[in-house]
Amino acid sequence: MNFELPISWNKLLAEEFQKPYFIELNQLISNAYGNAIIYPPHHRLFSAFENCSFENTEVVILGQDPYHGPNQANGLSFSVNDGVPIPPSLLNIFKEIKNDLGKPIPISGNLEGWSKQGVLLLNATLSVKANTAGSHQNIGWEQFTDAVIQLISERKPHVVFMLWGNYAQKKATFIDENKHLILKSVHPSPLSAYRGFLGCKHFSQCNTFLKTNGLKEIDW
């Protein structure tokens, strides 16, 4: 399988692609796509990077792994394709944006518009077997996406990292909190959102930080 990313990312991650773990991951994922239904579709595997260049990255929203139902996953964390019912966690994200910024809840759960503004919608695990949540965890993806987070932290100034839930918050160890804004809360899942996600005002805090540092605010 060809793991060529858009040039802005590819030149920065080229060494990562040559490491033994990634060569093994490449083979595992190639075999998986050849033998089972895997989400997102192969051509959407790196959508997060294709829609959001390294140079344009201003915000990172970290998810865990892709949706595992038909037609849901589109390669962007929390996002679903147009026409797909909005999942509960994403609906809570939209509710918080409405409460925080007064914006109406959209009809579509497709977050490509955010991605193209500089929001890297990164899942820690980039693929999943159909109907089997977490099936591609611990095969190498996390090592790769940890490297991406660390790269952004080291090479860019003034990035906002939104870390929702215990899993995402553990990634703070890769981020320089003296350079960047780290926003933490519980996960937006209906199981936990009422314990601090709803009312967190992360989206207004994000835009204030970006504006203060001379960067373009995100149209959430």
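As a reminder, the structure under discussion sits directly above these lines.
Throughout, residues of each chain are indexed from 1 in the direction in which the sequence is written. pLDDT decides what is reported in this predicted model: residues at 70 or higher carry local features, side-chain atom pairs at 80 or more are listed and counted, and totals for whole chains, interfaces and linings draw on all residues regardless. Only hydrogens and water are set aside when side-chain values are computed; all heavy atoms of the structure are taken into account.

Focus: unusual backbone geometry
Note that the residue after tyrosine 39, namely proline 40, is joined by a cis bond; omega there is -5°. Here a helix means four or more residues in a row that DSSP labels H or I, a strand means two or more in a row labelled E, and each is numbered from the N terminus. Along the polypeptide, proline 40 turns up in the loop between β1 (38–39) and α3 (47–51). In this structure, asparagine 71 takes a positive phi of about 65° despite not being glycine. As for its placement among the helices and strands, asparagine 71 is situated in the loop between β2 (59–63) and α4 (88–101). Relative accessibility decides the category of a residue: with a 1.4 Å probe and only protein chains considered, values under 20% of the type maximum give buried, values over 50% give exposed, and everything between is partly exposed. Judged by its relative accessible area of 57%, asparagine 71 falls in the exposed class. Positive phi values are uncommon outside glycine, yet lysine 201 reaches one of about 55°. Within the secondary structure, lysine 201 sits in the loop between β6 (181–185) and α8 (202–212).

Here's the deal with the sheet that holds strand β3 (residues 119–123)
Should DSSP find at least two bridges between two strands, the strands are regarded as paired. Reading across the sheet, the 4 strands line up as β3-β2-β5-β6 and stay open at both edges, with parallel pairing between neighbours. One side of each edge strand has no neighbouring strand; the edge strands of this open sheet are β3 and β6. Here the average twist between neighbouring strands, direction ignored, is 20°. Across 5 bridges, strand β5 (residues 160–164) lies against β6 in parallel orientation. Counterpart to leucine 163 in the pairing with β6 is lysine 184. Across the sheet, helix α6 (residues 141–155) lies against β2, β3 and β5, angled at about 155° from β3, the strand it touches most. Note on contacts: a residue pair qualifies if any of its non-hydrogen atoms lie within 4.5 Å across the two residues. Note on geometry: axes are C-alpha line fits, over the in-contact stretch for helices, and angles between N-to-C directions span 0 to 180 degrees. Relative to β5, α8 is tilted by about 165°, and along the sheet it contacts β2, β5 and β6.

Examining the layout of surface pockets
Every definition here rests on a 1 Å grid over the protein atoms only: cavities are sets of points where a 1.4 Å probe fits but cannot get out, pockets are open sets enclosed by protein on both sides within 12 Å along at least five of seven lines, and lining residues have some atom within 4 Å of a point. Grid points are joined across faces, edges and corners, and a volume is the space filled by probe spheres set on the points. Here the largest pocket defines a volume of roughly 320 Å³. The wall of the largest pocket is formed by 20 residues, among which Gly63, Gln64, Asp65, Phe78 and His187 lie closest to the centre. Of all the elements in the fold, those that place two or more residues in the lining of the largest pocket are β2 and α7 (166–169). For this classification, Asp, Glu, Lys and Arg are treated as charged, while Ala, Val, Leu, Ile, Met, Phe, Trp, Tyr, Cys and Pro are nonpolar and the rest, including Gly, are polar. Along the lines of polarity and charge, the residues of the lining of the largest pocket split into 10 nonpolar, 9 polar and 1 charged. Of the volumes computed, that of the second largest pocket is approximately 240 Å³. Elements with a minimum of two residues in the lining of the second largest pocket: α1 (7–17) and α6. Grouping the constituent residues of the lining of the second largest pocket by class yields 4 nonpolar, 1 polar and 6 charged.

A short note on the nonpolar core
For this analysis, a nonpolar core means a set of buried residues of the types Ala, Val, Leu, Ile, Met, Phe, Trp, Tyr and Cys, connected via side-chain atoms within 4.5 Å. Residues Phe49, Phe144 and Trp220 are the most contacted members of the largest nonpolar core, which totals 59 residues. If near-sequence neighbours (up to four positions away) are discounted, phenylalanine 144 is found in contact with Leu13, Glu16, Phe17, Tyr21, Phe22, Phe46, Phe49 and Leu126.

Focus: the packing of helix α2 (residues 20–35) against α6
Angle between the axes and distance between the axes are the two parameters that describe a pair of packed helices. Where α2 meets α6, the axes come as close as 9 Å, and the angle between the chain directions of the two elements is 125°. Regarding the angle of α2 to α6, the classification is oblique. Between α2 and α6 lies a crossing of left-handed hand. Contact with α2, carried on its side by Tyr21, Phe22, Leu25 and Ile29, involves Trp141, Gln143 and Phe144 of α6 and no other residues of that element. A breakdown of the residues in the contact of α2 with α6 according to their chemical character gives 6 nonpolar, 1 polar and no charged. The cut-offs work like this: below 35 degrees is roughly parallel, past 145 is roughly antiparallel, 65 to 115 is roughly perpendicular, and the gaps in between are oblique. For any helix crossing, the convention is left-handed if the near helix is rotated counterclockwise from the far helix by under a right angle, and right-handed if that rotation is clockwise.

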